[in-house]
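# A look at the structure
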Amino acid sequence: KTLDEIDKEEFYTTVDALVQAKNIYVIGARSASVLARFIVFYFNIIFDNVKIIHTTSTSEMFEQILNVGEGDILIGVSFPRYSKHTVKAFRYAHENGAKVIGITDSKLSPLGQCCDHVLVAKSDMVSLVDSLVAPLSMINALIVAIAISMPAIQNRLAFERRKHTAQKKEVV
């Protein structure tokens, strides 16, 4: 449902912005931290300029984004019971000239209101546990779209597949 409702122009504009970024900072607090780490894991395969922002304390968080500025991107994930740390980091980055990309449940969310680009993914809380299926699908689509848009990444991934296949054949 999330991928059917996505604003495709916003999605591809976000992809282009990430591909052109000087540095990419990724932030997510509480349950969204899992999604932030997922983004960082795959972005580190694609890019050489990715940093995860730890949100254990406000002062530590700001130390990590102190040099964020023009040409940089801060991408954050936040859903209901929105993290004040994430919103503060977004405002700071935006004020310092960085582009901010939010993955959240609404353009009207506290995070969505201070973003240059918003990717909307519904996150239902049907019980004690937040459902992160839709945001994870959105993030997966984002990673794939970035990889497809970068021929060098396609070549590296093809090489890794061939290498893995060759190693597997030698083992068997």
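So, a few notes on the structure that sits alongside this text.

How each quantity is defined
Residues numbered from 1 in each chain as written. Predicted model: local features only at pLDDT ≥ 70, side-chain atom pairs only at ≥ 80, totals over all residues. Heavy atoms only, no water. Phe/Tyr/Trp six-rings, centres within 6.5 Å; stacked < 30°, edge-to-face > 60°. Helix = DSSP H or I, 4+ residues; strand = E, 2+ residues; numbered from the N terminus. Buried < 20%, exposed > 50% of the residue type's maximum accessible area, 1.4 Å probe, protein only. Expected span 1.5 Å × (residues − 1). Contact = heavy atoms within 4.5 Å. Pairing = 2+ DSSP bridges. Right-handed = clockwise from strand over helix to strand, strands pointing away. Axes fitted to C-alpha atoms, helices over the stretch in contact; angles between N-to-C directions. Parallel < 35°, antiparallel > 145°, perpendicular 65-115°, else oblique. Left-handed = near helix turned anticlockwise from the far one by under 90°. Nonpolar A, V, L, I, M, F, W, Y, C, P; charged D, E, K, R; others polar.

### Observations concerning the packing of aromatic side chains
Taken as a whole, this structure holds 4 aromatic pairs when the rule is applied. Ring geometry for Phe38 and Tyr42: centres 5.1 Å apart, planes at 55°, overall tilted. Taken together, the residues span about one helical turn, with Phe38 and Tyr42 both in helix 3 (residues 32-46) at a distance of 4 residues. Using a relative accessible area of 25% as the deciding quantity, one classes Phe38 as partly exposed. Here the aromatic rings of Phe43 and Phe47 are separated by 5.4 Å at their centres, their planes lie at 75°, and the arrangement is edge-to-face. Phe47 matches Phe43 in its accessibility class, with the two residues each being buried. An aromatic cluster is defined as three or more aromatic residues linked by ring pairs; in this entry it consists of Phe38, Phe41 and Tyr42.

### Details of helix 5 (residues 84-95)
Between the first and last C-alpha of helix 5 there are 16 Å, a value that for 12 residues agrees with the 16 Å anticipated at 1.5 Å per step. Its buried side turned inward, helix 5 meets strand 1 (24-28), helix 4 (58-64), strand 3 (73-77) and strand 4 (99-104). Just downstream of helix 5, Gly97 is the residue with a positive phi angle, here 95°.

### Focus: the pairing of strand 1
Each regular strand displays side chains that alternate between the two surfaces of the sheet. For strand 1, the tally of buried residues reaches 5 of 5 residues, placing the bulk of the element in the interior. Taking every second residue as pointing to the same face, both faces of strand 1 are buried, with Ile24, Val26 and Gly28 on one and Tyr25 and Ile27 on the other. Of the pairings in the sheet, the one linking strand 1 to strand 2 (residues 50-53) comprises 4 bridges and is parallel in character. Bridging across to strand 2, Ile24 finds its partner in Val50. Crossover strand 1 to strand 2 through helix 3 is right-handed. Inspection of the sheet shows strand 1 paired to strand 3 by 5 bridges, in the parallel sense. The partner of Val26 across the bridge, within strand 3, is Ile75.

### Regarding the packing of helix 2 (residues 8-20) against helix 6 (residues 133-149)
Packing of helix 2 against helix 6 leaves a shortest axis separation of 10 Å and a crossing angle of 60°. What the angle tells us is that helix 2 and helix 6 run oblique. In the crossing of helix 2 with helix 6, the sense of the turn from one axis to the other is right-handed. Along its contact with helix 2, which presents Phe11, Tyr12, Thr14, Val15, Leu18 and Val19, the element helix 6 presents Met138, Ala141, Leu142, Ala145, Ile146 and Ser149. Taken together, the residues of the contact of helix 2 with helix 6 sort by class into 10 nonpolar, 2 polar and no charged.

### So, the sheet that holds strand 5 (residues 117-120)
Strand order in this open sheet of 5 strands is 2-1-3-4-5, and the pairing throughout is parallel. Taken across any chain shown, the strands that pair with only one partner, and hence form the sheet edges, are strand 2 and strand 5. Mean inter-strand twist for the sheet, computed between neighbouring axes without regard to direction, equals 20°. Sheet contacts for helix 3: strand 1, strand 2, strand 3 and strand 4; angle to strand 1, the most-contacted strand, approximately 155°. Those strands touched by helix 5 are strand 1, strand 3 and strand 4, and its axis lies near 160° from that of strand 3.

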